[in-house]
Amino acid sequence: MVDEELELARHLEPAEAALEAALVLVAGREQMTVRVYERQARAEEGTRMAAPPAAAANLGPGARYLLERRQTLEHDPHRAALDAVLAAPAAFIRAQRIESHGSPPLIASVHHLIERGQGAAYAAALHAGTADLIDAAVTVSGPWPPYAFASGELA
């Protein structure tokens, strides 16, 4: 990308604060990745949304959109699984990134930044807090280098 060190320094200068903040965030920490999957029966059944109320016909396009978004969030069959994944290991989490997936059976990937060396305890807390989930299965992997927490400022 660059020929000389000075040119590299000029290229990085605008992102200096973001890079420093990212390095401070990940120092002494590692990443755990949790994948949340629909259980087979739910994936085959498909998701069914309730029809919008008749009153929605009198709303403008923006209000209808907001109403539909609220209904989606209120009737999300995966909400309990995601809440459990976020709550069960909460004491270990220093930062998180959540990626929603629109291709069942994968619902979401959740990346948690934890203190280095706490992976086994984190995984135990996660498994204990998600063991009773009916509609979702949870897998955990790691520890990994904190790739999900890399700054995107230089792109």
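Residues numbered from 1 in each chain as written. Predicted model: local features only at pLDDT ≥ 70, side-chain atom pairs only at ≥ 80, totals over all residues. Heavy atoms only, no water.

**Here we look at the overall build of the protein**
The secondary structure content of the protein amounts to six helices and four strands. Ordered by position from N to C terminus, the α and β elements of the protein give α-α-β-α-α-α-β-β-α-β. Buried residues in the protein amount to 27% of all 155 residues. Relative to all contacts within the protein whose residues are 6 or more apart in sequence, the contacts with residues 24 or more apart total 72%. With the model as given, the accessible surface of the protein reaches about 10000 Å², and the carbon-plus-sulfur share is 56%. (Helix = DSSP H or I, 4+ residues; strand = E, 2+ residues; numbered from the N terminus. Buried < 20%, exposed > 50% of the residue type's maximum accessible area, 1.4 Å probe, protein only. Contact = heavy atoms within 4.5 Å. Areas by Shrake-Rupley, 256 points an atom, 1.4 Å probe, with all protein chains shown as cover.)

**A few points about the packing of aromatic side chains**
Enumeration over the complete set of coordinates arrives at one aromatic pair. Seen in terms of ring centroids, F92 and Y122 are 6.4 Å apart; in terms of plane orientation they differ by 85 degrees. Their pairing is edge-to-face. Highlighted residues: F92 in the loop between α5 (79-87) and β2 (95-100) and Y122 in helix α6 (residues 119-130), separated in sequence by 30 residues. For the residue pair F92 and Y122, the accessibility class agrees, reading buried in each case. (Phe/Tyr/Trp six-rings, centres within 6.5 Å; stacked < 30°, edge-to-face > 60°.)

**Structural notes on the pattern of salt bridges**
Per the counting criterion, the structure on display carries three salt bridges. Between R29 and E115 there is a salt bridge, with its nearest N and O atoms 2.8 Å apart. Of this pair, R29 sits in strand β1 (residues 29-38) while E115 sits in strand β3 (residues 106-115), and the two are 86 residues apart along the sequence. Owing to a relative accessible area of 28%, E115 belongs among the partly exposed residues under this scheme. The partner of E115 in a salt bridge is R94, and the shortest N-O contact between them spans 3.3 Å. One end of the pair, E115, is in strand β3; the other, R94, is in the loop between α5 and β2, with 21 residues separating them in the sequence. Using a relative accessible area of 40% as the deciding quantity, one classes R94 as partly exposed. (Salt bridge = Lys/Arg side-chain N within 4 Å of Asp/Glu carboxyl O.)

**Topic: the confidence of the model for the protein**
Model confidence for the protein is summarised by a mean pLDDT of 83, while 78% of its residues fall at 70 or above. Taken as a whole, residues 41-50 scores under 50 in pLDDT and shows nine contacts with residues more than four places along the chain or in a different chain. (pLDDT = per-residue confidence, 0-100.)

**Things to note about the sheet that holds β1**
Reading across the sheet, the four strands line up as β2-β3-β1-β4 and stay open at both edges, with antiparallel pairing between neighbours. The sheet is open, and its two edges are formed by β2 and β4 (136-144), each paired on a single side. In this sheet, adjacent strand axes meet at a mean angle of 15 degrees when their direction is disregarded. Across six bridges, the pairing between β2 and β3 is antiparallel. (Pairing = 2+ DSSP bridges. Axes fitted to C-alpha atoms, helices over the stretch in contact; angles between N-to-C directions.)

**Here's the deal with α6**
The end-to-end C-alpha distance of α6, which contains 12 residues, comes to 16 Å, matching closely the 16 Å that a straight helix rising 1.5 Å per residue would cover. Listing the buried residues of α6 in full gives G119, Y122, A123, L126 and T130. For α6, the angular spread of buried residues about the axis comes to 95 degrees, placing them on one side. Residues of α6 that are exposed and point over 90 degrees away from its buried face: A120 and A128. Elements in contact with the buried residues of α6: β1, α5, β3 and β4. (Expected span 1.5 Å × (residues − 1). Arc of directions from axis to C-beta.)

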